[in-house]
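# Structural characterization, general
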Amino acid sequence: MSSSGGSDVLVVGGGLAGVTCTLGLADAGVAVTLVDRNDYHQFQPLLYQVASSQLPAEDIARPHRTILRNYPSVTVVNAEVTSVDLARRTLVLSDRRTLSASYVVMAAGARPNFFGVPGAAEHAFPLYSVADAERLRLHLQSHLRQAIGSGPQTPGEVDVVVVGGGPTGVETTGALAELMQALHKTGRLTPPGVITIVDRGPALLSAFSEKAGEYAQRKLTEAGAVVRTGTGVAAVHADHVELDDGTSVPARTVVWGGGESASSVVTDAGPTPGRGGRLDVTRELTVDGYPGVYAVGDVANIPSGDDAGDSLPQLGSVAQQSGRWAAANILRELRGEPPKPFAYKDKGIMAMIGRNAAVAQVGKHRHEIEGPLAFAAWLGVHASLLSGVHSKTDAFLSWAWDYFDRDHSATVEASSAPSRLAWGSEDEDRPHITLEPTMDALQGAKHP
Ligand SMILES: Cc1cc2nc3c(=O)[nH]c(=O)nc-3n(C[C@H](O)[C@H](O)[C@H](O)COP(=O)(O)OP(=O)(O)OC[C@H]3O[C@@H](n4cnc5c(N)ncnc54)[C@H](O)[C@@H]3O)c2cc1C
């Protein structure tokens, strides 16, 4: 057993929330230990680009040591956290080490929630991590290779069902439909695989306006996808999906964008988990009754401050801003000042549906825009999210405009990983991406 080596703060999870919090504390010279099961930060908003072979996995995964190399007060620990005792502010790691500190910031994010749908944990592909996206790409690629090489396809061989009509499901459907059309147009796949998106609700993008949902439906249909709203998924099998309305859709690939709950690491950490298994936090982002404990990003139910008592959504900007705010509050506490209530700057909600198609509701008042203007808003918000972990956002901007603007049918390559984005990174920047299942994935399979 060893302690954290004198760190003032332990940060659990190096996603947008954990990295931003670590940087905020390290800027002030505070000793921080950041623990993550991966040696890299993963940029979730571009996972579907990896799954659909538009970007290689390394482009959205940046090593924590690279991000934090100029901060001598930060120690990065690459290990799975197997248990947490928030009353004692102590973590146990997979290598049996024990870490403790004066402050603990829980930033462990989310994991897929299969809501007990039979077969989903066994057969569906979640899309929450770089490893998930890479597994999905490789699975789809093997079916595509077979279909491209061997003439007539068996039913559902290259068809995909995407479960969930929120932004993740809509963006994934758009990207995969585009991939199928590109392979079809270049004569490699006849007929193209059918992408079906399924949602129990009456329309896509339920968090957006009715008009935005209709826009997404129109754009996906134009891209060749099939939209099935008003019916849920009853069961997932290896070669088809059963729907609540008694019909079934043949598909050997099922993508799960149907819901999430907090990382399993908070389940037995002390506090009774709140909605979605998340940690309920105060407006100061602290966990009531647990001095020195903060929770930020997707792992936390962060009060929105409105009269209805709602929580803020699981979004990149909430994660980034709450991580930064928690760091500022810890610095206030270290100076002997009280922490301040979190003030979220709402940039709106947005989804990139595919080439030339995006929808956004900008700002707190949800001003609605579509097409290139919405894409520009999407790009601005995502470049700002990415800037917290990457210094070369201009490479991302030029890639994204190129993606949005041009017909990629000639360049999409389904048989190998796409070429890297021009980050100008050195070899040491390469993350170590393994496809081993995580503790969250194993627990999800046991308790769907
Ligand atoms: C497919 C997809 C698309 C999205 N698109 C958008 C979008 O377009 N715009 C937007 O604003 N938001 C988007 N989001 C949401 C956004 O990405 C998240 O809200 C945000 O990344 C959450 O950040 P976080 O730091 O809280 O969690 P995460 O980024 O999930 O980070 C949690 C970290 O904790 C680590 N961890 C977890 N458990 C353990 C453990 N037991 N031991 C060690 N380490 C552990 C994980 O490895 C991970 O690095 C998307 C999410 C997904 C899944």
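Residues numbered from 1 in each chain as written. Predicted model: local features only at pLDDT ≥ 70, side-chain atom pairs only at ≥ 80, totals over all residues. Heavy atoms only, no water.

Let us now look at the site of the ligand. Around the ligand sit 30 residues, and of these Asp36, Gln44, Val81, Asp298 and His382 come closest. Gln44 is positioned with one of its side-chain polar atoms (N or O) 2.8 Å from an oxygen atom of the ligand. With respect to the ligand, the side chain of His382 contributes an N or O atom lying 2.8 Å from an oxygen atom. Here the ligand loses 95% of its free accessible area of 1,000 Å² to cover by the protein chains. Those elements that provide at least two residues to the shell around the ligand are α1 (16–27), α8 (316–334) and α9 (371–387). Looking at which element gives the most residues to the shell around the ligand, the answer is α8, with 3 residues. (Near = heavy atom within 4 Å. Polar contact = N/O pair within 3.5 Å; in protein donor to acceptor, adjacent residues only side chain to side chain. Areas by Shrake-Rupley, 256 points an atom, 1.4 Å probe, with all protein chains shown as cover. Helix = DSSP H or I, 4+ residues; strand = E, 2+ residues; numbered from the N terminus.)

Looking now at the sheet that holds strand β9 (residues 103–106). Reading across from one edge, β5-β2-β1-β9-β21 is the order of the 5 strands in this open sheet, with parallel pairing throughout. Only two strands of the sheet have a single neighbouring strand rather than two, namely β5 (74–78) and β21 (293–295). The mean inter-strand angle of the sheet, taken between neighbouring strand axes irrespective of direction, is 15°. Pairing analysis gives 3 bridges linking β9 to β21, with the strands arranged parallel. Looking at β21, one finds that Met106 is bridged to Ala295. Across the sheet, α1 lies against β1 (9–12), β2 (32–36), β5 and β9, angled at about 165° from β2, the strand it touches most. (Pairing = 2+ DSSP bridges. Axes fitted to C-alpha atoms, helices over the stretch in contact; angles between N-to-C directions. Contact = heavy atoms within 4.5 Å.)

Two side chains carrying opposite charge are able to pair once their charged atoms lie near each other. The final tally for this structure, using the stated rule, is 11 salt bridges. In this structure, Glu337 and Arg335 form a salt bridge, with 3.1 Å as the shortest nitrogen-oxygen distance. With relative accessibility at 36%, the residue Glu337 sits in the partly exposed group. When its relative accessible area of 52% is taken as the criterion, Arg335 is described as exposed. (Salt bridge = Lys/Arg side-chain N within 4 Å of Asp/Glu carboxyl O. Buried < 20%, exposed > 50% of the residue type's maximum accessible area, 1.4 Å probe, protein only.)

What follows covers the domain arrangement of the protein. By convention, interface size is frequently given as the accessible area that disappears when the constituent parts associate. Domain annotation of the protein identifies domain 1 (9–37 + 79–112 + 260–345) and domain 2 (120–258 + 348–429). For domain 1 versus domain 2, the distance between C-alpha centres works out to 30 Å. Domain 1 puts 9 residues into the contact, and the matching count from domain 2 is 8 residues. Roughly 740 Å² of surface becomes buried between domain 1 and domain 2 when both sides are summed, with 68% attributable to carbon and sulfur atoms. The interface formed by domain 1 and domain 2 contains 0 salt bridges. Where domain 1 meets domain 2, there are 2 residue pairs in polar contact (both at pLDDT 80 or more). Partitioning the side of domain 1 that touches domain 2 into residue classes produces 5 nonpolar, 3 polar and 1 charged. (Domains from an automatic or database assignment. Buried area = accessible area lost by both parts, 1.4 Å probe. Nonpolar A, V, L, I, M, F, W, Y, C, P; charged D, E, K, R; others polar.)

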